[in-house]
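Inside the fold
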Amino acid sequence: MFYSVDCWLITITYFSLIVDVSKTRYFWVSGIPDGTKTGQLEEVFLQFGKVLAIKIIRGGTDSTLLGFVKMESAEQAQKCMEKLNRTMFRGNKIELLKV
């Protein structure tokens, strides 16, 4: 079963309210183009630190995907946020949200 992007954003927003997101090493990536492989996405984040996990999921009825990324440290995750949020990846604008 697939959930809509709105449902995921509500969950992320709620989670962010109860967790100090400045100290987390996890973040969501939206706007990932359909057909993207985990390795392709990992290459982008490796330039800012060690990637411990990536999970790509279909976020709704359109052709874009969502990604959940875990970096080795909160500092590395923050660097990804600063450098990659609202940038182009394989022809789509991606947005990052710490959770």
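An account of the accompanying structure is given in this report. (Residues numbered from 1 in each chain as written. Predicted model: local features only at pLDDT ≥ 70, side-chain atom pairs only at ≥ 80, totals over all residues. Heavy atoms only, no water.)

Let's talk about the sheet that holds strand S5 (residues 92–98)
So the rule is basically this: Two strands make a pair as long as DSSP finds a minimum of two bridges between them. Here a strand is any run of E in DSSP of at least two residues, a helix any run of H or I of at least four, and the numbering for each starts at the N terminus. Axes, fitted as lines to C-alpha atoms, cover a helix only where it is in contact. Angles between the N-to-C directions of the axes lie from 0 to 180 degrees. Throughout, a contact is declared for two residues whenever any of their heavy atoms are within 4.5 Å.
Strand order in the open sheet formed by five strands is S2-S3-S1-S5-S4, and the pairing between neighbours is antiparallel. The outermost strands of the open sheet, each flanked by one partner alone, are strand S2 (51–58) and strand S4 (87–89). Sheet twist, expressed as the mean angle between neighbouring strand axes with direction ignored, is 30°. As paired elements, S2 and strand S3 (residues 64–71) share seven bridges and run antiparallel to each other. Pairing of Ile56 across the sheet is with Gly67, part of S3. Relative to S2, helix H2 (residues 38–46) is tilted by about 135°, and along the sheet it contacts strand S1 (26–33), S2, S3, S4 and S5.

Overview of the packing of aromatic side chains
Stated formally: Paired rings are identified among Phe, Tyr and Trp, the last through its six-membered ring, by centres lying within 6.5 Å, and are further divided according to the angle between planes into stacked (under 30 degrees), edge-to-face (over 60) and tilted (the rest). Buried residues are those whose accessible area, probed at 1.4 Å on protein chains only, stays under 20% of the maximum for their type, while exposed residues exceed 50% and partly exposed ones sit between those limits.
Taken as a whole and assessed by the stated rule, the structure comprises three aromatic pairs. With 5.6 Å between their ring centres and 20° between their planes, Tyr26 and Phe68 make a pair best called stacked. Remark: Phe68 occurs in strand S3 and Tyr26 occurs in strand S1; sequence separation between them is 42 residues. Note on Tyr26: relative accessible area 27%, which makes it partly exposed. Clustering of aromatic rings is evident, with ring pairs tying together Tyr26, Trp28 and Phe68.

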